[in-house]
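So the chains spell out like this:
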Amino acid sequence: KAGFKFALTGLDNYQKLWGNQTFWVSFRNQGVLSLMSVFNNLFWPLLAAELLFFIRRQWAARAVKTAFVVPMLVPAIVTILTWRYLYNDNFGFNTLLKAAGLKALTRNWLNDPSTALWSIIFVGFPFVSGLYFLIFHAGINNIGTELHEAARIDGAGSMQVVAHIHLPNVLPYLNVVFTLSLI
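First things first, this report covers the structure right here in the doc. Just so it is clear, the model here is predicted, and its values are computed rather than measured.

## Quick look at the overall build of the protein
Stage number 1. Broken down by element type, the protein carries nine helices and zero strands.
Stage number 2. The globule rule puts the C-alpha radius of gyration for 183 residues at 16 Å, and the 23 Å found for the protein is more than 25% above it.
Stage number 3. Reported as C-alpha extents along the three principal axes, the dimensions of the protein are approximately 75 × 55 × 30 Å.
Stage number 4. Considering only intrachain contacts with a sequence separation of at least 6, the fraction spanning at least 24 residues in the protein is 65%.
Stage number 5. Carbon and sulfur atoms make up 68% of the accessible area of the protein, which totals about 12800 Å².

## Details of the pattern of salt bridges
Stage number 1. Overall, the coordinates contain two salt bridges when judged by the stated rule.
Stage number 2. In this structure, Lys 16 and Asp 12 form a salt bridge, with 3.6 Å as the shortest nitrogen-oxygen distance. One end of the pair, Lys 16, and the other, Asp 12, are both in helix H1 (residues 2-18), four residues apart, so they sit about a helical turn from each other.
Stage number 3. What makes Asp 12 partly exposed here is its relative accessible area of 33%.

## Observations regarding the layout of surface pockets
Stage number 1. The volume enclosed by the second largest pocket comes to roughly 250 Å³.
Stage number 2. Forming the walls of the second largest pocket are 15 residues, and the residues nearest its centre are Phe 53, Arg 56, His 148, Glu 149 and Arg 152.
Stage number 3. At the level of elements, helix H7 (130-141), helix H8 (145-153) and helix H9 (158-182) are the ones that each hand at least two residues to the lining of the second largest pocket.
Stage number 4. Of the residues belonging to the lining of the second largest pocket, the class tally is seven nonpolar, five polar and three charged.

## Quick word on the nonpolar core
Stage number 1. Residues Phe 136 and Val 170 are the most contacted members of the largest nonpolar core, which totals 21 residues.
Stage number 2. For this core, the secondary structure elements donating two or more residues are helix H2 (21-53), H7 and H9.
Stage number 3. No other element matches H2, which puts seven residues into this core.
Stage number 4. Apart from residues lying up to four places away in sequence, Val 170 is in contact with Leu 46, Phe 136, Gly 139, Ile 140 and Ile 143.

## Examining H2
Stage number 1. Between the first and last C-alpha of H2 there are 48 Å, a value that for 33 residues agrees with the 48 Å anticipated at 1.5 Å per step.
Stage number 2. Within the span of H2, buried status applies to Val 38, Asn 40, Asn 41, Leu 42, Pro 45, Leu 46, Ala 48, Ala 49, Glu 50, Leu 52 and Phe 53.
Stage number 3. Where H2 is buried, its residues contact helix H3 (58-69), helix H6 (116-122), H7, H8 and H9.
Stage number 4. Between the side-chain oxygen of the N-cap and the backbone nitrogen of Thr 22 there are 2.8 Å, and the N-cap of H2 in question is Asn 20.

## Examining H7
Stage number 1. Spanning 12 residues, H7 covers 16 Å between terminal C-alpha atoms, matching the ideal 16 Å at 1.5 Å per step.
Stage number 2. Turning to H7, its buried residues number three or more, namely Gly 130, Tyr 132, Phe 133, Ile 135, Phe 136, His 137, Gly 139 and Ile 140.

Criteria and cut-off values
Residues numbered from 1 in each chain as written. Predicted model: local features only at pLDDT ≥ 70, side-chain atom pairs only at ≥ 80, totals over all residues. Heavy atoms only, no water. Helix = DSSP H or I, 4+ residues; strand = E, 2+ residues; numbered from the N terminus. Rg over C-alpha atoms; globule rule 2.2 N^0.38 Å. Contact = heavy atoms within 4.5 Å. Areas by Shrake-Rupley, 256 points an atom, 1.4 Å probe, with all protein chains shown as cover. Salt bridge = Lys/Arg side-chain N within 4 Å of Asp/Glu carboxyl O. Buried < 20%, exposed > 50% of the residue type's maximum accessible area, 1.4 Å probe, protein only. 1 Å grid on protein atoms, 1.4 Å probe; cavity = no way out; pocket = protein on both sides within 12 Å on 5 of 7 lines; lining within 4 Å. Points joined across faces, edges and corners; volume = space filled by probe spheres on them. Nonpolar A, V, L, I, M, F, W, Y, C, P; charged D, E, K, R; others polar. Core = buried A, V, L, I, M, F, W, Y, C linked by side-chain atoms within 4.5 Å. Expected span 1.5 Å × (residues − 1). Polar contact = N/O pair within 3.5 Å; in protein donor to acceptor, adjacent residues only side chain to side chain.

Dropping the structure here:
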């Protein structure tokens, strides 16, 4: 009889949860954060890897690759502290807005309900994770040169190469990055 009462209490808690407006706002915000995280972890590193593929000069390609990989050496705490400084009421973005004569746009970025969610999403801009960039870069480089040569002979442009050669062949890597992003 005590177990039955305990189960009813648990179900009552779930009933209260479903009717709680704060729960639904939190649920929506978490959904937006998750979708944006997956998008940022898939799109931007893949775009960077594609752009790197089409750089023909080796020294420029090595410089770009280094620029994307070096931030992996910076601990996440440094990134968090940097963004914390940028969102501070008295420094960072507010100082830049005041200097540009846009004082009306200054705000407490993380405490303002209209900007808090997007401020959190924006942390880490430009969103090119070095690890995911390297995964996509390796996937693109594993595509055989014969496919690229055949596409070039057939007159395929860069966008056609990306759409018809790269994306289908990089799909397993997209699945890995998608899974890691959700985790």
